[in-house]
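# Coordinate inspection notes
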Amino acid sequence: MYRLTLKRVLFLMLLLVILTISAYTLYFARYIIVKESICLVKNDLTEVMMSSAAGKANLLDTSNVISAKLPADVEKMLKNKTYQHSEEIQEQRVQHIKRICTEEYKIQPLPFNGTDKRFSSHLRARLRTTFVNDDYKLLVTVVYKTGSQGWKKLLKQLYERGRNVSQKTLGSEDGLYTLSQVKKQYGLNAVVNRLKNYFSIIFVRHPYTRMLSAYKEKLVKMPNKFYEKKSRGIIRQVRSIPLPDSETPDLKFDEFVQFVANGGWDEHWCPILNKKPCHVYYDFIGHLETFQDDVAYLFHLIGIGNIVEFPECHHATGSEDLAVLKEHFSQISQTLLTKLNTRYKNDFKIFDYRLPQNNTDFH
């Protein structure tokens with residue numbers, strides 16, 4: 001009986017050793033597979049980026065480069081690695097604005113005090129163009145000619161999926177609800193509370209591609225009577241001769257630039273600095289030039305990537321084309337460019353764009 005029991009003990013010990021070895025083997029095999037998978041994805045993503053016509057790939061979607069379903073923890077590691085570069089870019093943009101504001105402009109952010117009237121006086125333009133979503137605690141400052149229609153459509157989608165009814169108390173059936181409306185309905189303290197606690201977003205664009213896009217869409221195409229009238233008014237102001245009503249406005253780009261350089265205002269081309277990024281810092285600063293990567297990272301960051309997609313917008317004017325930009329700016333004189341630079345230099349500086357020194361200095 002004793003010998004039988006000893007055999008059992010030895011058998012169990014041997015079995016335990018075998019199981020332990022097997023477990024370690026599986027662990028190291030999994031480690032090697034994960035490591036090789038990451039390398040595979042990195043290499044394939046690099047090939048996709050190099051072969052893309054725009055030099056960029058949608059890094060959010062790895063389905064084009066990896067066919068096998070990876071474990072959830074591996075996918076999480078890959079996603080974190082995918083967004084590492086975007087995270088670094090965001091940190092650079094946010095810190096750049098803070099440095100320019102405090103060191104060069106000597107502007108300190110406003111204290112979050114609900115009785116501070118500067119939130120009304122200094123931030124008037126920002127409150128008017130910043131839309132609120134209370135469900136996801138988002139503030140989106142809309143800058144015209146930087147995908148503004150897409151952002152409005154996105155906010156409508158989020159509103160439809162949300163549960164918060166506070167927006168409906170203001171009669172906002174489509175979910176487009178600004179900080180100005182918050183102030184009117186609930187008071188300044190409600191505005192300050194949202195500025196302090198919500199995630200604030202702004203997308204910007206090279207000032208002169210934005211201006212050119214506005215010119216081509218609003219004053220050349222003239223989508224409505226308002227901009228046809230505005231085009232006539234600019235012609236009358238620049239040429240000092242009114243255009244006969246029977247003639248279609250034919251505003252030239254250099255005439256438009258002259259109007260803008262002299263302070264001509266419209267939401268579609270006014271300096272973005274009037275959104276006061278120094279007085280209340282933004283949490284996320286996207287650039288239209290890196291739009292796909294920025295939106296992918298933003299959706300990942302705020303957790304809406306599996307809920308909505310950014311709506312398509314079809315208002316392309318070709319203004320991002322370097323050749324088109326140079327062609328139009330070649331029409332203006334150095335004197336006029338210098339005057340225009342004076343008006344937009346702060347936008348170039350604070351959002352980290354290169355200020356052109358002559359009418360061909362675009363890269």
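For the structure, check the block above.
Residues numbered from 1 in each chain as written. Predicted model: local features only at pLDDT ≥ 70, side-chain atom pairs only at ≥ 80, totals over all residues. Heavy atoms only, no water.

## A few points about the sheet that holds strand E4 (residues 284-287)
Put simply, the test is: Here the rule is simple: two strands pair whenever DSSP picks up at least two bridges between them. Helix numbering and strand numbering both begin at the N terminus, where a helix is a DSSP run of H or I of at least 4 residues and a strand a DSSP run of E of at least 2. Helix axes are fitted only over the stretch in contact, all axes being lines through C-alpha atoms; the angle between N-to-C directions runs from 0 to 180 degrees. Should any heavy atoms of two residues lie within 4.5 Å, those residues are considered in contact.
On the basis of which strands lie adjacent, the open sheet formed by four strands has the order E1-E2-E3-E4 and mixed pairing. Strands at the two margins of the open sheet, each flanked by one partner only, are strand E1 (130-133) and E4. With direction set aside, neighbouring strand axes in the sheet form an average angle of 20°. Bridging between strand E3 (residues 199-204) and E4 involves four bridges; their strand directions are parallel. Bridged to isoleucine 202 within E4 is isoleucine 285. Most of the contacts of helix H12 (residues 291-302) go to E3, to which it runs at about 175°, and overall it touches strand E2 (138-141), E3 and E4.

## Here we look at the state of the cysteines
Chemically, a disulfide is nothing more than a covalent bond linking the sulfur atoms of two cysteines. Selection criterion: In plain terms, two cysteine sulfur atoms within 2.5 Å form what is called a disulfide here. In this scheme, a residue with accessible area under 20% of its type's maximum is buried, one over 50% is exposed, and one in between is partly exposed, where area comes from a 1.4 Å probe on protein chains only.
Across all of its chains, the model carries one disulfide by this definition. Note on cysteine connectivity: cysteine 101 is disulfide-linked to cysteine 278, with sulfurs 2.0 Å apart. Between cysteine 101 and cysteine 278, the disulfide has an S-S torsion of -75° and is therefore left-handed. With cysteine 101 in helix H3 (residues 84-104) and cysteine 278 in the loop between helix H11 (253-261) and E4, this pair connects stretches of sequence that are 177 residues apart. Given the relative accessible area of 0%, cysteine 101 is considered buried. A relative accessible area of 3% means that cysteine 278 is categorised as buried.

By themselves these figures say nothing about function.
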